[in-house]
Structure formats: structure tokens, C-alpha cells
Amino acid sequence: MAIQIGQSEPGCNDPMGLLAACHRRVERFLKTLCAAAAQASVHDLTTEEREAIGRSLRYFREAAPNHTADEEQDLFPALVNRDPAAAAAVESLESDHVRAGELHRRVDAIGEEWIRSGRLSESELAKFREASTQLEQLYAEHIRIEETDVFPRAAQVLNEAELEAIGRRMAERRGVAFLPKSMAS
Ligand SMILES: [Fe+2]
Ligand SMILES: [Fe+2]
């Protein structure tokens, strides 16, 4: 599913801005999953909740992997190339991505079953709650490190051409046209 990039959002010609905007979506969709899990013992899923959970699961399944690929395939290698001292931070962030992937697979499998049947057993619900809470904790620290350390470092050491190359790859991944900064109004 192609994610619609809103007018007010940074475009691919602002790679770090767009990555931070993706973080806001990650936080929002995770919040939806955690809130649904918190409500689940009170009642079966409503149509509205079912749709909200479906949208969140779909985001993490289909769109969020682009963000991970932006970082792992383009931003991180470019950063480490310019600033080898960033390697340790990057390695730790990449292992977070692996851990998050495992948790997402668990949340997705249980969540899809939840949408299908409208309710979960107590033990499945407990597993869903635990995995989504762990994701929230993992992302809170992960995003903090990216936004306060790694992205600012990259913005400092990468030149315009390197940033544009990263942005072009982001646009390609999302199937949208790349608008160079000089052409953006
Ligand atoms: Fe990341
Ligand atoms: Fe990120």
C-alpha cells in the first residue's frame, strides 16, 4: 500500500524530516494497537476498532518496512562512511530493527486473528498486550536515539548530493516522484 504523503509533510527531498514524520506514524499506529488491547477485556471488537487495528497492522506490514530499508540500506551506510564513529550506534539500531520485526510478526498474527473472530482468548490477548507494549518501549528509545543523535549527525556530515541520493531512493521505494529541493516551492 502506498502511503499518501500529506501536503504539510516533509517530502523525499528532506530525508531526515520524512523519516521523523514516519516515526510519528509509528507512534500513532502503535498507540492504536495498545489502546485496543487495553479495551479488549471490556467488550468484543467494534467495527470501528476492527478497522483501526486493521489499518495499524497494515501500516506495519506494508509501509513501515520502507522506513527500515531507508535507514539500513541508505542512511546508515552513508553516515558510517562519513563518520565511522557512528558504527556502534547504527549496529545497535539495526539489532532493534530485528527485535521489532519479531514482535511485529507476533502482533500481526494475533491481531489478524482478532479481526477475523472479533475476540481473543485471555492468553492470546495477554500475548498481544505484551508484544505491543514491548514494541512501544523499544520504539520510544529507538526513536529517541535516531532523532537526537543519529539523524542530527547525518545532517551534519552528509553533503547535499548524498542527502539527495538518499531522498531519491526513498521516493523510488514509495513509488513517488522525487522533487529536487531547487524545484520545490
Ligand atoms: Fe530505525
Ligand atoms: Fe527510524
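Model, not experiment: these values are computed from the prediction. (Residues numbered from 1 in each chain as written. Chains lettered and ligands numbered in written order. Predicted model: local features only at pLDDT ≥ 70, side-chain atom pairs only at ≥ 80, totals over all residues. Heavy atoms only, no water.)

## Quick look at the packing of helix 1 (residues 15-39) against helix 4 (residues 122-157)
Inference 1: Between helix 1 and helix 4, the shortest axis-to-axis distance is 10 Å and the interhelical angle comes to 165°. The orientation of helix 1 relative to helix 4 falls into the category roughly antiparallel. Two packed elements cross with a definite hand, and for helix 1 against helix 4 that hand is left-handed.
Inference 2: In terms of residue class, the contact of helix 1 with helix 4 is made up of 17 nonpolar, three polar and seven charged. (Axes fitted to C-alpha atoms, helices over the stretch in contact; angles between N-to-C directions. Helix = DSSP H or I, 4+ residues; strand = E, 2+ residues; numbered from the N terminus. Parallel < 35°, antiparallel > 145°, perpendicular 65-115°, else oblique. Left-handed = near helix turned anticlockwise from the far one by under 90°. Nonpolar A, V, L, I, M, F, W, Y, C, P; charged D, E, K, R; others polar.)

## What about the nonpolar core?
Inference 1: Ranked by size, the top nonpolar core spans 29 residues in total, and within it I53, Y59, F60 and W114 carry the most contacts.
Inference 2: The set of elements that each furnish at least two residues to this core consists of helix 1, helix 2 (47-82), helix 3 (87-117) and helix 4. (Core = buried A, V, L, I, M, F, W, Y, C linked by side-chain atoms within 4.5 Å. Buried < 20%, exposed > 50% of the residue type's maximum accessible area, 1.4 Å probe, protein only.)

## Brief notes about the layout of surface pockets
Inference 1: Roughly 380 Å³ of internal volume is contained in the largest pocket.
Inference 2: F60, A64, T68, H104 and Y139 are the residues nearest the centre of the largest pocket, which is lined by 22 residues in total.
Inference 3: Among the secondary structure elements, those contributing two or more residues to the lining of the largest pocket are helix 1, helix 2, helix 3 and helix 4.
Inference 4: Of all the elements, helix 2 adds the most residues to the lining of the largest pocket, at nine residues.
Inference 5: For the lining of the largest pocket, the per-class residue count stands at 10 nonpolar, seven polar and five charged. (1 Å grid on protein atoms, 1.4 Å probe; cavity = no way out; pocket = protein on both sides within 12 Å on 5 of 7 lines; lining within 4 Å. Points joined across faces, edges and corners; volume = space filled by probe spheres on them.)

## Focus: the coordination of the iron ion (ligand 2)
Inference 1: The iron ion (ligand 2) binds to the protein through H23 (NE2), H67 (NE2), E71 (OE) and E146 (OE); the donor distances cover 2.0 to 2.1 Å.
Inference 2: Each of the four donor atoms around the iron ion (ligand 2) contributes to a set of angles spanning 83 to 168°, which defines the coordination as irregular.
Inference 3: For the iron ion (ligand 2), the donor residues sit on a single chain with the sequence spacing H-x43-H-x3-E-x74-E.
Inference 4: In this structure the iron ion (ligand 1) is found 3.2 Å away from the iron ion (ligand 2), and E71 serves as a bridging donor for the pair. Residue E71 is found in helix 2, and its partner E146 is found in helix 4; the two are separated by 75 residues along the sequence. When sorted by exposure, E71 lands in the same class as E146, which is buried. (Donors = N, O, S within 2.8 Å, 3.2 Å for Na, K, Ca; no water. Tetrahedral: all angles 85-135°; square planar, octahedral: opposite > 155°, others 65-115°.)

## Here we look at the packing of aromatic side chains
Inference 1: Tallied over the entire structure, the rule returns three aromatic pairs.
Inference 2: Residues F29 and Y59 carry aromatic rings whose centres are separated by 4.7 Å and whose planes lie at 25° to one another, so their mutual orientation is stacked. Note that F29 is positioned in helix 1 and Y59 in helix 2, a separation of 30 residues in sequence.
Inference 3: Considering the side-chain rings of W114 and F128, the 5.1 Å spacing of their centres and the 70° angle between planes classify their relative orientation as edge-to-face. Of the two residues, W114 is situated in helix 3 and F128 in helix 4; the sequence distance between them amounts to 14 residues. Across the pair, exposure class does not vary: W114 and F128 are buried alike.
Inference 4: One aromatic cluster in this structure is built from F29, Y59 and F60.
Inference 5: The ring of F29 has R28 lying over it, and the distance from NZ or CZ to the ring centre is 5.4 Å. (Phe/Tyr/Trp six-rings, centres within 6.5 Å; stacked < 30°, edge-to-face > 60°. Lys NZ or Arg CZ within 6 Å of the ring centre and 35° of its normal.)

## Some points on the packing of helix 2 against helix 4
Inference 1: Running from amino to carboxyl end, helix 2 crosses helix 4 at an angle of 50°, the nearest separation of the two axes being 10 Å. The orientation of helix 2 relative to helix 4 falls into the category oblique. Considering the relative orientation of helix 2 and helix 4, their crossing is left-handed. In this structure, helix 2 contributes H67, E71, L75, F76, L79 and R82 to the contact, and helix 4 contributes H142, E146, V150, F151, R153, A154 and V157.
Inference 2: Class assignment for the residues of the contact of helix 2 with helix 4 results in seven nonpolar, two polar and four charged. (Contact = heavy atoms within 4.5 Å.)

## Thoughts on the coordination of the iron ion (ligand 1)
Inference 1: Protein-derived ligands of the iron ion (ligand 1) are E71 (OE), H97 (NE2), H142 (NE2) and E146 (OE), with the metal-ligand distances lying across 2.1 to 2.2 Å.
Inference 2: For the iron ion (ligand 1), the four donor atoms are set out with angles of 83 to 169° between them, so the coordination reads as irregular.
Inference 3: Binding-site remark: the iron ion (ligand 1) is held by donors from one chain whose sequence spacing is E-x25-H-x44-H-x3-E.
Inference 4: On the basis of relative accessible area, H142 is assigned to the buried category, the value being 3%.
Inference 5: Note on E146: relative accessible area 0%, which makes it buried.

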